[in-house]
Amino acid sequence: MAIPTLQLPSPITQIFSPLLDARQLQLFIKRDDLIHPVISGNKWRKLKYNLQQAKKEQQSCLLTFGGAWSNHIHATAAAGNYFGFKTIGIIRGESPPTLSATLQDAQDWGMQLHFVNREQYRHKTEADFMAGLRQQFGNFYLLPEGGSNTLAMQGCAEIIDELTEPYDVLCVDCGTGTTLAGVICGNKDQTQVLGFSVLKGGDFLSPQVQSMLDKAHCHYHNWQINKDYHFGGYAKTTPALFEFMETFKLDHGVQLEPVYSGKMFYGIFDLIKKGYFKQGSRILALHGGGLQGLRGYNLD
Ligand SMILES: *Cc1c(COP(=O)(O)O)cnc(C)c1O
């Protein structure tokens, strides 16, 4: 593959609706989904400095973790192929008779897939498990699950550097919270940063984000994480969520996916209806890409 052309800074789209007008709100979308067709969204931002670091350490192999539909696995495999790294994916679950579309792509791009059962997968950050991986695969540059580390956070902070207009609220959907932490860290004005957890029982998330901020010496306090729009848990969906996404696409021409952005935008519109946002606010929501994951849902 050739070195990819990345659309950076990512563009911003304004969304119009009678509801927004009625509440005198302006809603904008930072289109990180348009950065690149494959290495999209925050996954590119999280990989950027890690790839540089791996090169600096003269590592030729990236090893990381994820599930069958993982955006991070998909982006890492593509980036490895583009930038000349071998890639190894430690995949949660038994080896399936047929690969998911995500894993098939990853394998086609040269990623070596290694399946471990859920029990083993749970121990993936422990020293013994890591030692086993080093023994089996030799030297590698380790990317944590979801690509989440301090270098990833630095990459995400650049989302803020790209903004040329002021906003009152920044909305970010959260899995590990790394993107949110990066955005909080990069924040310069008095902007409120509002995360949306896509996990049920996301109580661990705020302390996790706080510890990432502490580690990076960030002392910005105007942020919260909303936990009301997980729709039953990670990757869980409801007909109402799909209906919302479909209407959103028809009304605004922007494709969402049900794991992250669908839930966040559903939450944003629900909060607007409930009068959460101050009249006159300019809201910017980050579209983190991940549209390849849509293939995991049988949509007719
Ligand atoms: C991975 C991903 C997220 C979650 O990012 P975190 O930094 O782990 O919180 C959000 N949106 C999309 C589309 C993603 O692929």
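Shown above is the structure to which this text applies.
What follows deals with the side chain of D33. Of note, D33 is situated in the loop between β2 (26-31) and α2 (41-56). Taking relative accessible area as the criterion, D33 reaches 10% and is therefore assigned buried. Sequence-distant contacts of D33, defined by excluding residues within four places in its chain, comprise S40, H287 and G289.

Our focus in this paragraph is the sheet that holds strand β6 (residues 141-142). Ordered in space as β5-β4-β3-β6, the 4 strands form an open sheet in which the pairing is parallel. A strand with exactly one partner marks an edge of an open sheet, and here the two such strands are β5 (111-116) and β6. Judged from the 2 bridges that link them, strand β3 (residues 61-66) and β6 form a sheet pairing that is parallel. When the bridges of β6 are listed, L62 appears paired with Y141.

All right, on to the site of the ligand then. With respect to spatial proximity, 16 residues lie near the ligand, and among them K43, K46, G175, T176 and T179 are the closest. Between the ligand and K43 there is a distance of 2.8 Å, counted from an oxygen atom to a side-chain nitrogen or oxygen. Protein burial of the ligand: of its 390 Å² of free accessible surface, 97% is covered by the chains. Elements with a contribution of two residues or more to the shell around the ligand: α2, β7 (169-174) and α8 (178-186). Here the shell around the ligand takes 3 residues from α2, the largest share from any one element. Residues belonging to the shell around the ligand are distributed by class as follows: 2 nonpolar, 10 polar and 4 charged.

This part takes up the nonpolar core. If you look at the biggest cluster of nonpolar residues, it comprises 33 residues, and the most contacted ones within it are C171, F196, F248, F265, I268 and F277. The leading source of residues in this core is helix α11 (residues 261-273), at 6 residues. With residues up to four places along the chain from it excluded, the contact list for F277 reads L25, V169, L194, I268, L271, I272 and I283.

What follows deals with empty space enclosed by the protein. Inspection of the entire model under this criterion finds 1 cavity of 30 Å³ or more. If you add up the space inside the largest cavity, you get close to 50 Å³.

Glancing now at the packing of aromatic side chains. Following the criterion strictly, the structure yields 15 aromatic pairs and no others. Here the aromatic rings of F28 and Y167 are separated by 5.5 Å at their centres, their planes lie at 70 degrees, and the arrangement is edge-to-face. One end of the pair, F28, is in strand β2; the other, Y167, is in the loop between α7 (150-161) and β7, and 139 residues separate them in sequence. Overall, Y167 belongs to the buried group, its relative accessible area being 9%. Geometrically, the ring pair formed by Y234 and Y260 is edge-to-face, given 6.0 Å between the ring centres and 70 degrees between the ring planes. Residue Y234 is found in the loop between β9 (223-226) and α10 (239-252), and its partner Y260 is found in the loop between α10 and α11; the two are separated by 26 residues along the sequence. The class of Y260 is buried, set by a relative accessible area of 16%. The ring of Y260 carries the charged tip of K43 above its face, separated from the ring centre by 5.8 Å. A cation over an aromatic ring shows up here: K55 above the ring of F85, its NZ or CZ 4.2 Å from the ring centre.

The mixed open sheet is built from 6 strands, whose spatial order is β1-β2-β10-β7-β8-β9. Edge positions in the sheet fall to β1 (12-15) and β9, since each of these pairs with one other strand and no more. Averaged over all pairs of adjacent strands, the angle between their axes in this sheet comes to 25 degrees, without regard to strand direction. Pairing of β7 with strand β10 (residues 282-287), which is carried by 3 bridges, proceeds in the parallel orientation. The partner of C171 across the bridge, within β10, is A285. The strands touched by helix α9 (residues 205-215) are β7, β8 (192-197) and β9; relative to β9, the strand with the most contacts, the crossing angle is about 150 degrees.

Another point: the pairing of β7. Of all 6 residues that make up β7, 6 are buried, and the element is covered over most of its length. Taking every second residue as pointing to the same face, both faces of β7 are buried, with V169, C171 and D173 on one and L170, V172 and C174 on the other. By the bridge criterion, 6 bridges tie β7 to β8 in an arrangement that is parallel. Directly across from L170, in β8, lies its bridge partner V193. A crossover connection joins β7 to the parallel β8 through α8; in handedness this β-α-β unit is right-handed.

On to the state of the cysteines. Per the stated rule, a full pass over the model turns up 1 disulfide. C185 shares a disulfide with C218; S-S distance 1.6 Å. Here C185 and C218 share a disulfide; its torsion about the S-S bond, 95 degrees, makes the bridge right-handed. Of this pair, C185 sits in helix α8 while C218 sits in the loop between α9 and β9, placing them 33 residues apart in sequence. The structure places no disulfide on C174, whose sulfur is separated from the nearest cysteine sulfur, that of C171, by 10 Å.

Rules behind the numbers
Residues numbered from 1 in each chain as written. Predicted model: local features only at pLDDT ≥ 70, side-chain atom pairs only at ≥ 80, totals over all residues. Heavy atoms only, no water. Helix = DSSP H or I, 4+ residues; strand = E, 2+ residues; numbered from the N terminus. Buried < 20%, exposed > 50% of the residue type's maximum accessible area, 1.4 Å probe, protein only. Contact = heavy atoms within 4.5 Å. Pairing = 2+ DSSP bridges. Near = heavy atom within 4 Å. Polar contact = N/O pair within 3.5 Å; in protein donor to acceptor, adjacent residues only side chain to side chain. Areas by Shrake-Rupley, 256 points an atom, 1.4 Å probe, with all protein chains shown as cover. Nonpolar A, V, L, I, M, F, W, Y, C, P; charged D, E, K, R; others polar. Core = buried A, V, L, I, M, F, W, Y, C linked by side-chain atoms within 4.5 Å. 1 Å grid on protein atoms, 1.4 Å probe; cavity = no way out; pocket = protein on both sides within 12 Å on 5 of 7 lines; lining within 4 Å. Points joined across faces, edges and corners; volume = space filled by probe spheres on them. Phe/Tyr/Trp six-rings, centres within 6.5 Å; stacked < 30°, edge-to-face > 60°. Lys NZ or Arg CZ within 6 Å of the ring centre and 35° of its normal. Axes fitted to C-alpha atoms, helices over the stretch in contact; angles between N-to-C directions. Right-handed = clockwise from strand over helix to strand, strands pointing away. Disulfide = S-S within 2.5 Å.

Just geometry here; none of it tells us what the structure is for.
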